[in-house]
Amino acid sequence: MEQNINSYVHKLLLNHINPTSCCIDATCGNGFDTVFLAKHCHHVYAIDIQDKAIEETTKLLRINSIQNVTVIQASHNQLQQIVPIHTKVQIIMYNLGYLPHGDHSIVTTPKGTVESLTQAIELLEPKGFISIILYVGHEGGQQEANAVEAFCVSLDKKAYTVFKTEYLNRLVTPYVILIQKE
Ligand code: SAM
């Protein structure tokens, strides 16, 4: 079992990435998820709204000599404008909230995240995955989690399989939702 939710998600996704996959990191932050994806797939679109995240991700990619990533400063609710039409996307990762050690006022929101997810499920290939790590400890976090869950509950069960996984013996802790397109 993984003690860390990010490692848990990476391990799960590893079974579903292959060298021909195209992936999206919708909130690239410090670049850890982007580097993970890039090491296992063909191409990654790494998106974040803030300068610091773009700088940190670009730096981490350089340190790891990774070149198969397009880093884009934008809001994740513009996914369909950012990713070229007809791109076959296998995995879309969301790690919500704010940048650790960064500006806590730049934070994902219920409206923006649901708008982004609505576009993400359209871009996803059959058998593709969306992973969402949700944080409820900061102001607005619980509202965002509620909105994301309401969106997931509304998905047709014949078209999407949705899992929620959480640590039960921890108090305020991030948890993960996985959506697979049938
Ligand atoms: N995946 C990152 C990593 O591996 O380091 C961690 C992401 S961090 C928890 C959340 C990120 O979401 C922050 O970098 C923040 O700037 C970004 N963010 C907030 N609102 C956003 C938006 N509307 N569109 C894209 N990114 C956003």
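The coordinates are above.
Residues numbered from 1 in each chain as written. Predicted model: local features only at pLDDT ≥ 70, side-chain atom pairs only at ≥ 80, totals over all residues. Heavy atoms only, no water.

**So, unusual backbone geometry**
Thought 1: Phi at His101 is positive, roughly 65 degrees, even though this residue is not glycine.
Thought 2: Tracing the sequence through the fold places His101 in the loop between β4 (89-95) and α5 (110-123).
Thought 3: Exposure remark for His101: the relative accessible area of 79% places this residue in the exposed category.
Thought 4: Positive phi values are uncommon outside glycine, yet Lys127 reaches one of about 75 degrees.
Thought 5: As for its position among the elements, Lys127 is in strand β5 (residues 124-134). (Helix = DSSP H or I, 4+ residues; strand = E, 2+ residues; numbered from the N terminus. Buried < 20%, exposed > 50% of the residue type's maximum accessible area, 1.4 Å probe, protein only.)

**Points about the site of the ligand**
Thought 1: Taken together, 22 residues lie around the ligand, and Thr27, Asp33, Asp48, Gln50 and His76 are the ones closest in.
Thought 2: Between the ligand and the protein, one listed contact pairs a nitrogen atom with a side-chain N or O atom of Asp33 at 2.8 Å.
Thought 3: At 3.0 Å, a side-chain N or O of Ser75 approaches a nitrogen atom of the ligand.
Thought 4: Relative to its free-state accessible area of 600 Å², the ligand is covered by the protein chains to the extent of 94%.
Thought 5: Of the residues belonging to the shell around the ligand, the class tally is ten nonpolar, ten polar and two charged. (Near = heavy atom within 4 Å. Polar contact = N/O pair within 3.5 Å; in protein donor to acceptor, adjacent residues only side chain to side chain. Areas by Shrake-Rupley, 256 points an atom, 1.4 Å probe, with all protein chains shown as cover. Nonpolar A, V, L, I, M, F, W, Y, C, P; charged D, E, K, R; others polar.)

**Thoughts on the packing of helix α2 (residues 32-40) against helix α3 (residues 51-63)**
Thought 1: Where α2 meets α3, the axes come as close as 9 Å, and the angle between the chain directions of the two elements is 40 degrees. Relative to α3, the element α2 is oriented oblique. The two elements α2 and α3 meet at a crossing, and its hand is right-handed. Counted together, Phe32, Thr34 and Val35 of α2 and Thr57, Leu60 and Leu61 of α3 form the full contact between these two elements.
Thought 2: In terms of residue class, the contact of α2 with α3 is made up of four nonpolar, two polar and no charged. (Axes fitted to C-alpha atoms, helices over the stretch in contact; angles between N-to-C directions. Parallel < 35°, antiparallel > 145°, perpendicular 65-115°, else oblique. Left-handed = near helix turned anticlockwise from the far one by under 90°. Contact = heavy atoms within 4.5 Å.)

**A word on the sheet that holds strand β2 (residues 43-48)**
Thought 1: An order of β3-β2-β1-β4-β5-β7-β6 is seen for the seven strands of this open sheet, with the pairing classed as mixed. Single-partner strands in this sheet number two, and they are β3 (69-73) and β6 (160-165). Recorded for the sheet is a direction-independent mean angle of 15 degrees between the axes of neighbouring strands.
Thought 2: Of the strands in this sheet, β1 (22-25), β4, β5, β6 and β7 (175-181) touch α5, which is tilted by about 150 degrees from β5. (Pairing = 2+ DSSP bridges.)

These figures come from the coordinates and say nothing about function on their own.
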